[in-house]
Amino acid sequence: MFSLPIRPTTSRQLARIDRQLRTLSGASDRQLRERSATLRYRAAAGESLHRLLPEAYALVVEAADRTLGIRHYDVQLLGGIHLANRCVIEMETGQGKTLTATLPLFLHALRGQGVHLATSNDYLAQRDADTMRPLFSMLGLTCGVVVDGMDDAQRRQSYRCDITYATAAELGFDFLRDRLKRRAAAGASTADQSELQPVGRELDFLLADEADALMIDEANTPMIIGAPSPISDQKLSLYQWAAQTAPHAIEKQHYRYNLRERSVELLPAGRQWARQQLSAGLMDGNSILDLFEKLERAITVDRDFHRDQHYIVRDSEIVLINEATGRLGEGRQWQDGIQQAIQAVERLPITAPTTHAAKLTVQGLFLSYRHLAGMTGTAVAAASELRKVYKTNVVRIPPLHKSRRQALSTRYFADDTEKYHAIVDEIIAIGHAGRPVLIGTRSVENSQRLSKLLRDANVPHQVLNAHQHASEAKIIALAGRAGQVTVATSMAGRGTDISLDDDVVDRGGLHVILSELHDSPRQDQQLWGRCGRQGQPGTYRQFLSLDDAILDQAYGDQAAAGYRTHRRGNQAALLSTAQQTLEQRRRQNRLTALYHEKRRLRAVWEMGRDPLLDVM
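In what follows, the accompanying structure is described. (Residues numbered from 1 in each chain as written. Predicted model: local features only at pLDDT ≥ 70, side-chain atom pairs only at ≥ 80, totals over all residues. Heavy atoms only, no water.)

### Re the side chain of T486
The line we're drawing: Labels follow the DSSP assignment, with helices taken as runs of H or I lasting at least four residues and strands as runs of E lasting at least two, numbered in each case from the N terminus. With a 1.4 Å probe rolled over the protein chains alone, any residue whose accessible area is under 20% of its type maximum counts as buried; one over 50% counts as exposed, and the rest are partly exposed. Here a residue-residue contact requires only that any non-hydrogen atoms of the pair lie within 4.5 Å.
Looking at where T486 falls in the secondary structure, it is placed in strand β19 (residues 485-488). Note on T486: relative accessible area 1%, which makes it buried. Look past the residues within four positions of T486 in its chain and what remains in contact with it is V437, L438, I439, Q462, I475 and A479.

### Notes on unusual backbone geometry
Backbone geometry follows two general trends: most residues other than glycine have a negative phi, and most peptide bonds adopt the trans configuration. Of note, R347 is a non-glycine position whose phi angle comes to about 55°, a positive value. Even without being glycine, N458 reaches a positive phi, approximately 60°. Inspection of the secondary structure puts N458 in the loop between α17 (444-456) and β18 (462-464).

### Quick word on the environment of A572
Here A572 shows up in helix α23 (residues 571-606). Linking A572 and D162, residues 410 residues apart in sequence, is a C-alpha distance of 51 Å.

### Some words on the sheet that holds strand β13 (residues 371-376)
Heads up, the condition is: Pairing between two strands requires that DSSP report at least two bridges joining them. Helix axes use the C-alpha atoms of the stretch in contact, all axes being lines fitted to C-alpha atoms, and the angles between their N-to-C directions lie in the range 0 to 180 degrees.
Taken together, seven strands build an open sheet; the order of strands is β3-β4-β2-β5-β13-β1-β14 and the sheet is parallel. In this open sheet, the two strands that pair with only one neighbour each are β3 (143-146) and β14 (393-396). Adjacent strand axes in the sheet meet at a mean angle of 20°, parallel and antiparallel pairs treated alike. In terms of strand pairing, β3 meets strand β4 (residues 163-167) through four bridges, oriented parallel. Note that in β4 the partner of C143 across the bridge is I163.

### As for helix α7 (residues 152-159)
Definition in use: It is the directions from the helix axis to the C-beta atoms whose arc is reported.
Of the positions making up α7, those classed as buried are R155, S158 and Y159. Projected down its long axis, α7 carries its buried residues within an arc of 95°, all on one side. Structurally, α7 contributes buried residues whose contacts are with β2 (115-119), β3, β4 and α8 (168-186).

### Focus: the environment of Q339
Among the structural elements, Q339 can be located in helix α13 (residues 338-345). Residue classification places Q339 among the buried positions, given a relative accessible area of 2%. Q339 sits 108 residues away from I231 along the chain, and the two C-alpha atoms are 14 Å apart.

### Focus on the nonpolar core
Here is the rule we go by: Side-chain atoms within 4.5 Å are what join buried Ala, Val, Leu, Ile, Met, Phe, Trp, Tyr and Cys residues into a set we call a nonpolar core.
Counting 56 residues, the largest nonpolar core has L105, F106, F136, Y165 and L207 as the members making the most contacts within it. With eleven residues, helix α3 (residues 49-67) is the single largest residue contributor to this core. Filtering out sequence-adjacent residues up to four positions away, L207 remains in contact with L83, A101, P104, L105, H116, L117, A118, A373, G374 and M375. Y159, Y369, L372 and A383 belong to the second-largest nonpolar core, a separate cluster that totals 40 residues.

### Focus: the packing of helix α5 (residues 97-109) against helix α6 (residues 122-138)
Our working definition: Reported orientations rely on four angle classes, namely roughly parallel under 35 degrees, roughly antiparallel over 145, roughly perpendicular from 65 to 115, and oblique for the rest. Handedness of a helix crossing follows the sense of rotation of the near helix relative to the far helix, less than a right angle counterclockwise being left-handed and clockwise being right-handed. Charged residues are taken to be Asp, Glu, Lys and Arg, nonpolar residues to be Ala, Val, Leu, Ile, Met, Phe, Trp, Tyr, Cys and Pro, and polar residues to be all remaining types, Gly included.
Contact geometry for α5 and α6: axes closest at 11 Å, N-to-C directions at 55°. Our classification of the angle between α5 and α6 gives oblique. Both α5 and α6 take part in a crossing whose hand is right-handed. Counted together, T98, L99, T102, L105 and F106 of α5 and R127, D128, M132, L135 and F136 of α6 form the full contact between these two elements. Grouping the amino acids of the contact of α5 with α6 by side-chain chemistry returns six nonpolar, two polar and two charged.

### With respect to the packing of aromatic side chains
What counts is decided by this rule: Each aromatic pair joins two rings of Phe, Tyr and Trp (for Trp, the six-membered one) with centres within 6.5 Å, and gets the label stacked for planes under 30 degrees apart, edge-to-face for over 60, and tilted for any other angle. Put simply, a charge is over a ring when the Lys NZ or the Arg CZ is close to the ring centre, within 6 Å, and near the line of the ring normal, within 35 degrees.
Taken as a whole and assessed by the stated rule, the structure comprises five aromatic pairs. Ring geometry for W528 versus Y540: centroids 4.7 Å apart, planes at 5°, classification stacked. Residue W528 is found in helix α20 (residues 521-528), and its partner Y540 is found in strand β21 (residues 537-545); the two are separated by twelve residues along the sequence. A connected cluster of aromatic rings, assembled from ring pairs, spans F305, Y311 and W334. The ring of Y257 has R303 lying over it, and the distance from NZ or CZ to the ring centre is 3.6 Å.

### A closer look at the sheet that holds strand β10 (residues 317-321)
Sheets are built from strands paired through backbone hydrogen bonds, the pairs being either parallel or antiparallel. The strand order β9-β10-β11 describes an open sheet built from three strands, whose pairing is antiparallel. Strands at the two margins of the open sheet, each flanked by one partner only, are β9 (311-314) and β11 (328-329). Pairing of β10 with β11 involves two bridges; the strand directions are antiparallel. If you follow I321 over to β11, its bridge partner there is L328.

### Quick look at the environment of I312
Following the sequence through the fold, I312 ends up in strand β9. Residue classification places I312 among the buried positions, given a relative accessible area of 2%. Along the backbone, I312 and D336 are 24 residues apart, and their C-alpha atoms lie at a distance of 19 Å.

### Here we look at the packing of α3 against α5
Helix packing geometry: the angle between the two helix axes and the distance between the axes. Close contact between α3 and α5 brings their axes to 9 Å; oriented N to C, the two are set at 135°. The orientation of α3 relative to α5 falls into the category oblique. Taken as a pair, α3 and α5 cross one another with a handedness that is right-handed. Residues L49, L52, L53, A56, Y57, L59, V60 and A64 of α3 pack against L99, T102, L103, P104, F106, L107 and H108 of α5. Of the residues that constitute the contact of α3 with α5, the class distribution is 13 nonpolar, two polar and no charged.

### Brief notes about the pairing of β10
Where burial is concerned, most of β10 is hidden: four out of the five residues are buried. Pairing analysis gives four bridges linking β9 to β10, with the strands arranged antiparallel. Across the sheet, R314 pairs through a bridge with E317, a residue of β10. Joining the antiparallel neighbours β9 and β10 is a turn of two residues, in which D315 adopts a positive phi near 55°.

### Points about the pairing of strand β17 (residues 437-440)
The two faces of β17 match: V437 and I439 on one face and L438 and G440 on the other face are all buried. Across four bridges, the pairing between β17 and β19 is parallel. From the neighbouring strand, V437 faces β19, where its bridge partner is V485. In terms of strand pairing, β17 meets strand β20 (residues 510-514) through four bridges, oriented parallel. When the bridges of β20 are listed, I439 appears paired with I513.

### Quick look at the pattern of salt bridges
Where side chains of opposite charge bring their charged atoms close, a pairing between them can arise. For the record, the criterion: Whenever Lys or Arg places a side-chain nitrogen within 4 Å of a carboxyl oxygen from Asp or Glu, that contact is recorded as a salt bridge.
The tally for this structure, following the rule as stated, stands at 41 salt bridges. The shortest N-O distance in the salt bridge between R442 and D519 comes to 2.7 Å. In this pair, R442 sits in the loop between β17 and α17 while D519 sits in the loop between β20 and α20, placing the two residues 77 residues apart along the sequence. Assessed through its relative accessible area of 11%, D519 is described here as buried.

See the structure below:
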């Protein structure tokens, strides 16, 4: 049955699963549930999950076959074995990570302490929970989902389930709110206790879907529950003045920019210049240090925070865009005055800055679980960081089918205008062959720019970005049809399988166009991994130019302008080096942040305070 090159210990586990499967083929549904209940009793009695694994996995395989009409392949069983042993597995796109996840989820749920699967957005959490619920139900386990908009009663019910699907953000914020409730309950009267009941349970086992995105790219993303502080009319005027003044500030003359930290510091000449820009009455109730600080934040926003790339404006509110996934960061805000500076730029109502009632990073949340595992299509490249930070080994699972994906030669252009017109030409040519095309862009702004060019060329297409997140399922369902053109941000790069029509497979499969380099090669790989899934044919090509934003991000605006002027003949090496530089910088920043966070936690603990609630 199994013919994969694997270790002897793993091979023995696979053989045991095979033997258990033979005993289940003639069992009734009721007998399957009874055997599942027996395993739960044995787990509660202290028997190790390692000993229970073969029978548990066999039950999951049989239940999936009966309820979903699909059966776990050898590679999925192999992945499930490693996930039970604090590993992050790399499985290629289309190899069935969603079904693989059911194996360790069921195994760890046997202890009755609740297990969580963390994913990147509500749509995937709801989809996967609904899909796998019949499987778990056949084995006597409950399956819940936590999504945005649920009240405490609904959340409590979902967390009381044996298995809970949710985003990392929902898990983190609920964990923080429960912590605040427990503190408040300690000094509350009996009558108030019911309103302060936590919704969750202790953190036992977490399985991270798209693990490198959550555990690496979003590791330092803060989840903050804020306590509002008052804001005066004088402060409002200062924010508005700073937003109007910042675009006129000149780098190296008025301020110094730190590319690594993305921070601005006014120079002495800049401070003198700022004083000269003051209007009458602006300093009433404000200090000169407040003025300098607000102007530095406003210059940072003018340089580094752009509408339709880092945020959108919806219903007169700023909504963050997650750069790694292209999705909206609902409920998140920038700190240290950045949020207010952006509101001033967009001429929106300026909200009061918040103090931190509770704070936790995604990394801190994951490290709070007793047991941790992850799965993704791009883990090997991040293996050293995953091992260093999370103490998880990375294992590559061999593909079930040999890849038929073809990389076409990268095309380089002098500027963006030439590049985007060439992309449109290739889209038209591929569409005439009856193949679907997926075009990846880094920002909402660029997806809209390409969409306009396609409209001008009378090319029907769909756009998937942070503005269309509610239509994601419908757009993805159509993306594999003959001649379909889909322009997407990174939203289409993770957690989405594009199913192809049969005639599309015969014509060569999906064609993916990468219009820019991402910060990490892993993100590029996730996008072109949409084609050629499960042994199907597919092609991809990169279209790059020296106008691409990665040069500015890696080297700064002035240095990037110099490269564009003097090194046009060496585009491939220049762009590749820029991506490597940016990835290394982000990695170093993450490790530095981890070091400082550990020191902060140790200092707070030594003072006898709660490091999550007593934020320093």
